[in-house]
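Chain by chain, the residues:
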Amino acid sequence: MKNNPNNIKKPAKFFWIFLGTLCLVLGAIGVVLPILPSVPFFLVTIYAYTRSSKKLHDWFVGTKLYKKNLAGFVEKRGMTMATKLKIVITVTIVMGFGFFMMSRVPIARIILAIVWVCHLLYFFLRVKTISPGEAAEMEAATEAKEAAQEGGDAP
């Protein structure tokens, strides 16, 4: 009942819409700029839109950004190795830059190193690796399901 967008108060609803839209924009920028990871931003977007508006949630789930970057992860809790490597390399570059810039703050470097190791462990031990074929099959199944729904909506 707590996640029902109809039961949420207006200030909270606006907060979730704002957060979701901000993360959507940052994620879209991350698709173009390899220095910014898009998947974490899209995960926050889907969560925020789920909390605020069914219409925004349904719209985002129907976008190519969602289908290309998150559909496999959300449906099968897995990613292709190429997607995992792209995310890990991007995060490693960003965190490496932060590590380099904090040469005079040893505790910050230790925290960054711990977060980086946890990131690696999560992606390679907890997130299932799916084959590119499986990813393509899921994408085709999703498109077929959408085509069937659109065909069912027609008069």
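Here's a quick rundown of the structure.

**Regarding the overall build of the protein chain**
Each helix and strand in the protein chain was counted, giving eight helices and two strands. Secondary structure elements of the protein chain, listed N to C terminal, follow the sequence α-α-α-α-α-β-α-α-β-α. Among the 155 residues that make up the protein chain, the fraction classed as buried is 30%. Considering only contacts in the protein chain between residues 6 or more positions apart, those separated by 24 or more positions represent 64%. For the protein chain, the accessible area works out to roughly 10,300 Å², and carbon and sulfur atoms hold 70% of it.

**Quick notes on the environment of K84**
Here K84 shows up in helix α6 (residues 81-101). A relative accessible area of 1% places K84 in the buried class. In the structure, K84 is positioned 36 residues away from L120 in sequence and 9.6 Å away in space, judged by C-alpha atoms. Engagement of the side chain of K84 in a polar contact is seen with the backbone oxygen of V127, the distance being 2.6 Å.

**Let's talk about a nonpolar patch on the surface**
A grouping of F97, F100, M101, M102, V105, I107, I110, I111, I114 and V115 is seen on the molecular surface, where their side chains present a nonpolar patch of about 1,000 Å² in accessible area. Of all elements in the fold, only α6 and α7 (106-126) reach the threshold of two or more residues within the nonpolar patch. We classify M101 as exposed; its relative accessible area is 53%.

Conventions we followed
- Residues numbered from 1 in each chain as written.
- Predicted model: local features only at pLDDT ≥ 70, side-chain atom pairs only at ≥ 80, totals over all residues.
- Heavy atoms only, no water.
- Helix = DSSP H or I, 4+ residues; strand = E, 2+ residues; numbered from the N terminus.
- Buried < 20%, exposed > 50% of the residue type's maximum accessible area, 1.4 Å probe, protein only.
- Contact = heavy atoms within 4.5 Å.
- Areas by Shrake-Rupley, 256 points an atom, 1.4 Å probe, with all protein chains shown as cover.
- Polar contact = N/O pair within 3.5 Å; in protein donor to acceptor, adjacent residues only side chain to side chain.
- Patch = residues over 30% accessible without salt bridge, like charges linked within 9 Å, V, L, I, M, F, W, Y side chains within 5 Å.
- Salt bridge = Lys/Arg side-chain N within 4 Å of Asp/Glu carboxyl O.

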